[in-house]
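Structure assessment
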Amino acid sequence: DAGEKNEVNSGEPLKLNCYPMPFDNYLQISIVTELSDNLITHLYTSSGKLIRSFEIPVISGENTYTLNTKDLPSGMYLIKLSGNYVNESMKVVKQ
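Here's a quick rundown of the structure.

About the thresholds
- Residues numbered from 1 in each chain as written.
- Predicted model: local features only at pLDDT ≥ 70, side-chain atom pairs only at ≥ 80, totals over all residues.
- Heavy atoms only, no water.
- Helix = DSSP H or I, 4+ residues; strand = E, 2+ residues; numbered from the N terminus.
- Pairing = 2+ DSSP bridges.
- Axes fitted to C-alpha atoms, helices over the stretch in contact; angles between N-to-C directions.
- Salt bridge = Lys/Arg side-chain N within 4 Å of Asp/Glu carboxyl O.
- Buried < 20%, exposed > 50% of the residue type's maximum accessible area, 1.4 Å probe, protein only.

What about unusual backbone geometry?
Omega for the bond connecting Tyr19 with Pro20 falls within 30 degrees of zero, at -5°, which places this linkage in the cis form. Looking at the secondary structure, you find Pro20 in the loop between strand S2 (14-19) and strand S3 (26-33). Looking along the chain, the bond that leaves Met21 and enters Pro22 is cis, with omega of 0°. Here Pro22 is to be found in the loop between S2 and S3.

Here you go:
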C-alpha cells in the first residue's frame, strides 16, 4: 500500500520518514529535526554494499528530500543518516 510509511523516532532530535513504502521510481525522505545539520546519507543493498552517498542539509523543522531510484533493482535497502547530532538508519523496500 502506497500509503504506508516507515517511521523512526529514537528520542534523538530527529524524526525520519521514508515513503511511499514500497517505493518505485523515487523515495521521499522526510526529516523533522530541532537542529540544523548536514546529514551524510548512505544507501546500502541488503548485502551491505554501499551504492549511493550524498549529503542532505537540514534546518530546524520539516525537510524533504527526493531520491531518484529508477536505476535500482527491486529489493530491500538500508538508508543510514549521520550528522553532528544524529545517527539513524531505516530499511526501505523497492517494488
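That shown, we press on.
Concerning the sheet that holds strand S7 (residues 75-82)
Overall, antiparallel pairing links the four strands, which are arranged S5-S4-S7-S8 in an open sheet. Since the sheet does not close on itself, it has two edges, and those belong to strand S5 (50-58) and strand S8 (87-94), each with one partner. Ignoring which end each strand starts from, the neighbouring axes of this sheet average 20° apart. By the bridge criterion, eight bridges tie S7 to S8 in an arrangement that is antiparallel. Among the inter-strand pairings, Tyr77 is bridged to a residue of S8, identified as Val92.

Here we look at the pairing of S2
With six bridges joining them, S2 and S3 adopt antiparallel strand pairing. Pairing of Leu14 across the sheet is with Thr33, part of S3. Where S2 hands over to S3, the hairpin turn is made up of six residues, counted between the paired strands.

What to know about the pattern of salt bridges
Under the definition given, this model contains one salt bridge. The residue Arg52 makes a salt bridge to Asp71 at a minimum N-O spacing of 2.5 Å. Of this pair, Arg52 sits in strand S5 while Asp71 is found in the loop between strand S6 (61-68) and S7, placing the two residues 19 residues apart along the sequence. Overall, the relative accessible area of 56% leaves Asp71 in the exposed class.

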